[in-house]
Amino acid sequence: MVLLALIFFTSTIWLRQSSHATTEAVLHNLSDYYSEELNEHGLSPTETEKEDSEYYLHNQMDFVNFSLTKNNVTQMAIITITLFIMFNIYDMMMKREREMEVQKVEAEQSNKAKSTFLSNMSHDIRTPMNAIIGYTNLIQKEKELPPKAIEYLEKIEASNKHLLALINDILDMSRIESGKMELDIAKSDLIKTMREVRDLFATQMITKSIEYTVSTENVTNKIVMCDTPRLNRVLLNLISNAYKFTPEGGKVSVILKQVDATEDTASYEIIVKDTGIGMTPEFAEKVFEAYSRDRSVNNIQGTGLGMAITKSIVELMGGTIDVKSQKGKGTEFIVRINFPIVEEEPEEEIKPGENNEAAKINFNEMKLLLVEDNLVNREIASLILTEYGFKLDTAENGKDAVDKVTASKPGEYQAVLMDIQMPVMNGYEATKAIRKLDNKELANIPIIAMTANAFTEDIQAAKDAGMNSHIAKPIDIPKMLQTLEEVLTYKNK
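Read on for an overview of the structure. Note that the structure is a prediction, hence the values are computed from the model and not measured.

1. Some details on the overall build of the chain
So, point 1. In terms of regular secondary structure, the chain is built from 13 helices and twelve strands.
So, point 2. The buried share among the 493 residues of the chain stands at 37%.
So, point 3. When contacts within the chain are restricted to residue pairs at least 6 apart in sequence, those whose partners lie at least 24 apart make up 72%.
So, point 4. On the chain, roughly 29,800 Å² of surface is accessible, and the fraction owed to carbon and sulfur atoms is 55%.

Laid out in structure tokens, this is it:
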């Protein structure tokens, strides 16, 4: 900008001088011309006339000079004001940019702090919940419990599930807001997914006398690439809402239909319709907003996050979701979404007399090393695992686990169940140390994370550290047994 001002100033001075010289030359030429004309006609000017002419010319030159100077000063003033305005605009833009950079850094720090807080909160809440749910499951298996005790335990279990769902909703919403939710795309069977959803809610619907149907209309391409767990989450949220808001004797229908298809992509509609209490037009407009609750419904529990999470997942998948509802008559949610299609692989032919069912693992022959620093969690896991036939050895921290694996004979432990947050040495460090053992058979022992760190990045961190799988706390016993069976089956192949 300074260079620009200098150029303007120099050019203005040059223009002034050039104009002055040009004007002076023109006036002298005119004077000479008229003097010659007068001489030709015999009219020679006297000395006084010549002096008057010179004086007049000088006056005119002074006038031109003054006029040019005034115009140049005006021009310079305009240029100076313009440059001042430009400089102020530039300075303001730079200040705003610096403020935005500061705000960006502060937002990143805030998000990081928020993520750290949520991660710690998730871990700290899940740890005592693991004890509550674990002991509840163990007490329920006791014989000859009084009917009242059974009733109370069932209510505790229901409250546990509700509390865990609330925690998961809050954490998921926070991850969506911070842009950390990502899709895990894999091959998926849409028909199988719909069947699983049907079976999951069938008993609840029968108990409430709700007519429940799940159908797939004209689905030609059932094998697609999508995030199956996220799609399940969408379906579970929509159907559980329909179940909650539909009175006894009502109807809930779930329809999957293929609308269109190209060579690589197919369009689908998922329709969840109920004959429940419905929504007012005002609430229907904001049903997808976080923490929105219908104030006219007081006896239904929830955070008001389910539909916001559902919409976020659908949009993350590139789809749309719409709602149609009428108070007292029911609600209909319509999800429109496209999936890349995959050629369906032919099913393997089962030969007569051949047993293709995977051999079941005999847990009674398995010995596990349970690594857990929390005494209560260690006791719960031990009771559950020994009940299913496992033999156990325990370690209180990662260093103790590494020492026990190092001192063991190959095959003594079939797998290691490893907590993550522990004193002395955490689960990641212990896993990396085991993988570096000189004895390759010991170094390759299956290691499964069993931790309250349940985020997607926690699962990825476990894999990056060298772990074979991940079990989240509170422990879901069927999922834990399934994970153990998968890992041990793969090891024995």
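Past the structure itself, the notes keep going.
2. Concerning the nonpolar core
So, point 1. Within the largest apolar cluster, 42 residues are counted, with the highest numbers of intra-cluster contacts made by Tyr 212, Leu 238, Ile 239, Tyr 268 and Phe 339.
So, point 2. Only α4 (190–207), β2 (211–217), β3 (223–226), α5 (228–245), β4 (251–261), β5 (265–274), α7 (306–316) and β7 (330–340) provide two or more residues apiece to this core.
So, point 3. Non-local contacts of Leu 238, meaning those with residues more than four positions away in its chain, are made with Val 272, Met 307, Thr 310, Ile 321, Phe 333 and Val 335.

3. What about the pattern of salt bridges?
When the charged atoms of two side chains with opposite charge come close together, those side chains can pair.
So, point 1. The final tally for this structure, using the stated rule, is 17 salt bridges.
So, point 2. With a closest N to O distance of 3.8 Å, Asp 227 and Arg 230 form a salt bridge.
So, point 3. Assessed through its relative accessible area of 3%, Asp 227 is described here as buried.
So, point 4. Between Arg 336 and Asp 322 there is a salt bridge whose closest N-O contact spans 2.8 Å. Of this pair, Arg 336 sits in strand β7 while Asp 322 sits in strand β6 (residues 320–326), and the two are 14 residues apart along the sequence.

4. Things to note about the packing of helix α9 (residues 398–407) against helix α10 (residues 427–435)
So, point 1. Between α9 and α10, the shortest axis-to-axis distance is 8 Å and the interhelical angle comes to 20 degrees. The angle between the axes of α9 and α10 places the two elements in the roughly parallel class. Handedness of the α9/α10 crossing: right-handed. The residues of α10 that touch α9, namely those facing Gly 398, Val 402 and Val 405, are Ala 430, Ala 433 and Ile 434.
So, point 2. Grouping the amino acids of the contact of α9 with α10 by side-chain chemistry returns five nonpolar, one polar and no charged.

5. Digging into helix α8 (residues 375–387)
So, point 1. Look at α8: 18 Å from first C-alpha to last across 13 residues, which is about the 18 Å you get at 1.5 Å a residue.
So, point 2. Regarding α8, the residues found buried are Asn 377, Arg 378, Ile 380, Ala 381, Ser 382, Ile 384 and Leu 385.
So, point 3. With a side-chain oxygen positioned 3.0 Å from the backbone nitrogen of Val 376, the residue opening α8 is Asn 374.
So, point 4. Immediately beyond the C-terminal end of α8, within one or two residues, lies Gly 389, with a positive phi of roughly 100 degrees.

6. Quick word on the packing of aromatic side chains
So, point 1. Per the stated rule, a full pass over the model turns up three aromatic pairs.
So, point 2. Geometrically, the ring pair formed by Tyr 268 and Phe 339 is tilted, given 6.0 Å between the ring centres and 45 degrees between the ring planes. Separated by 71 residues along the polypeptide, Tyr 268 in strand β5 and Phe 339 in strand β7 bring together distant segments of the chain.
So, point 3. Exposure remark for Tyr 268: the relative accessible area of 1% places this residue in the buried category.
So, point 4. Arranged with centres 4.4 Å apart and planes meeting at 25 degrees, the rings of Phe 363 and Phe 390 form a pair that is stacked. With Phe 363 in the loop between β7 and β8 (367–371) and Phe 390 in the loop between α8 and β9 (391–395), this residue pair connects regions lying 27 residues apart in the sequence. Each of the two residues, Phe 363 as well as Phe 390, counts as buried.
So, point 5. Lys 208 extends its terminal NZ or CZ atom over the ring of Tyr 243, reaching a point 4.6 Å from the ring centre.

Conventions adopted
Within each chain, residues carry numbers counting from 1 in the order of the written sequence. Two thresholds apply to this predicted model, a pLDDT of at least 70 for residue-level local features and 80 or more for giving and counting side-chain atom pairs, whereas whole-chain, interface and lining totals are computed over all residues. To obtain the side-chain values, all non-hydrogen atoms of the structure were used and water was disregarded. The secondary structure listing takes helices from DSSP runs of H or I that are at least 4 residues long and strands from runs of E that are at least 2 residues long, numbered from the N terminus. Accessibility here uses a 1.4 Å probe with only protein chains present; expressed as a share of the type maximum, an area under 20% marks a residue as buried, one over 50% as exposed, and anything in between as partly exposed. Contacts were defined at the residue level, with two residues in contact if any of their heavy atoms lie within 4.5 Å. The protein chains shown are the only cover counted for residues, whose accessible areas, like all others here, come from Shrake-Rupley with a 1.4 Å probe. Working definition of a nonpolar core: buried Ala, Val, Leu, Ile, Met, Phe, Trp, Tyr and Cys residues. They are joined through side-chain atoms within 4.5 Å. Any carboxyl oxygen of Asp or Glu within 4 Å of a side-chain nitrogen of Lys or Arg constitutes a salt bridge here. Angles shown run from 0 to 180 degrees and are taken between the N-to-C directions of axes, each axis being a line fitted to C-alpha atoms and, for helices, limited to the stretch in contact. Orientation categories follow fixed angle ranges, with anything under 35 degrees roughly parallel, anything over 145 roughly antiparallel, 65 to 115 roughly perpendicular, and all other angles oblique. When the near helix sits turned anticlockwise from the far one by under a right angle, the crossing is termed left-handed; a clockwise turn instead gives a right-handed crossing. Note on residue categories: nonpolar means Ala, Val, Leu, Ile, Met, Phe, Trp, Tyr, Cys or Pro, charged means Asp, Glu, Lys or Arg, and polar means any other residue, Gly included. Helix span, as expected, comes to 1.5 Å for every residue beyond the first. Any pair of nitrogen or oxygen atoms within 3.5 Å is treated as a polar contact; in protein, a donor-acceptor pairing is required on top of that, and neighbouring residues in sequence qualify only through side-chain atoms on both sides. In this analysis, rings of Phe, Tyr and Trp, with Trp reduced to its six-membered ring, are considered paired at centre separations within 6.5 Å, and the interplanar angle assigns stacked below 30 degrees, edge-to-face beyond 60, and tilted for intermediate values. Each ring is checked for a lysine NZ or an arginine CZ that lies within 6 Å of its centre and within 35 degrees of its normal; such an atom marks a charge sitting over the ring.

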